[in-house]
Amino acid sequence: GVAQIVEADEANHKVLLKAEGRDTRGQGNASATVTATLVGDGGATTVNIDTDLNITGKVAQFGRGVMADVSAKLLDQFVVNLETTVLAGDLEAGLVPGSEA
């Protein structure tokens, strides 16, 4: 799949992404428009994500509940990967959420 930043509004801490992908076996497509907004919360940041998802093909047979469960698991994996890769340097330097830099 491919994702690209369509709009980045630093003043309002908001980013708009467009993503699309295809099943490698050609049995479905997915596209999404994702809006992420960052909100300061004391020493941490809350990220609100709103997604408009379009699924076609065999995958579209699954119900909304299954899609929501899979989406939640993928987002959880993303957060874990973000913490262990991108934010790992901050954590090692003692810049953990809620701490003072």
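Asker: Where do I start with the sheet that holds strand β1 (residues 2-9) in this structure?
Answerer: The strands making up a sheet associate through hydrogen bonds between their backbones, and the pairing can be parallel or antiparallel. Spatial ordering of the open sheet is given by β1-β2-β3-β4, a layout of 4 strands whose pairing is antiparallel. Of all the strands in the sheet, the pair left with one neighbour each is β1 and β4 (44-57). Averaged over neighbouring strand pairs, the angle between their axes works out to 15 degrees when direction is ignored. Bridging between strand β2 (residues 14-22) and strand β3 (residues 28-41) involves 9 bridges; their strand directions are antiparallel. Bridge assignment links Leu-17 to a residue of β3, and that residue is Val-34.

Asker: I tried to follow the confidence of the model for the chain on my own but got confused; where do I start?
Answerer: Interpretation of the predicted coordinates at a detailed level should be avoided for regions scoring low in pLDDT. Considering every residue of the chain, the mean pLDDT works out to 84; 87% of them sit at 70 or more. Helix α2 (residues 88-92) is the least confidently modelled element of the chain, averaging 63 in pLDDT, while β1 averages 95, the highest of any element.

Asker: When you look at the pattern of salt bridges in this model, what are you seeing that I'm missing?
Answerer: Here the idea is simple: oppositely charged side chains can pair when their charged atoms come close. According to the stated counting rule, one finds 1 salt bridge in the structure shown. Taking the shortest distance from any N to any O, the salt bridge between Arg-25 and Asp-23 comes out at 3.4 Å. By relative accessible area, which is 24% here, Asp-23 ends up partly exposed.

Asker: Looking at this model, I keep getting lost on the environment of Val-47. Mind explaining?
Answerer: Note that Val-47 resides in strand β4. What makes Val-47 partly exposed here is its relative accessible area of 46%. Linking Val-47 and Ala-36, residues 11 residues apart in sequence, is a C-alpha distance of 6.5 Å.

Asker: Which parts of the structure should I look at to understand the pairing of β4?
Answerer: Each regular strand carries side chains that alternate between the two faces of the sheet. With 14 bridges joining them, β3 and β4 adopt antiparallel strand pairing. Bridging from a neighbouring strand, Val-39 pairs with Thr-46 of β4. Counted between consecutive antiparallel strands, the loop separating β3 from β4 contains 2 residues, among which Gly-42 sits at a positive phi close to 70 degrees.

Asker: Please clarify how the pairing of β1 should be interpreted in this entry.
Answerer: Little of β1 is tucked away: 0 of the 8 residues are buried. Linking β1 back to β2 in an antiparallel pair, the connection comprises 4 residues, with His-13 at a positive phi of about 55 degrees.

Asker: I'm lost on the environment of Ala-8 in this one. Help?
Answerer: Mapped onto the secondary structure, Ala-8 falls in strand β1. As for Ala-8 and Ala-36, which are separated by 28 residues in sequence, their C-alpha atoms are 9.7 Å apart. Excluding residues within four positions of it along the chain, Ala-8 makes contact with Lys-14 and Val-15.

Here is what the cut-offs are and how they apply
Residues numbered from 1 in each chain as written. Predicted model: local features only at pLDDT ≥ 70, side-chain atom pairs only at ≥ 80, totals over all residues. Heavy atoms only, no water. Pairing = 2+ DSSP bridges. Helix = DSSP H or I, 4+ residues; strand = E, 2+ residues; numbered from the N terminus. Axes fitted to C-alpha atoms, helices over the stretch in contact; angles between N-to-C directions. pLDDT = per-residue confidence, 0-100. Salt bridge = Lys/Arg side-chain N within 4 Å of Asp/Glu carboxyl O. Buried < 20%, exposed > 50% of the residue type's maximum accessible area, 1.4 Å probe, protein only. Contact = heavy atoms within 4.5 Å.

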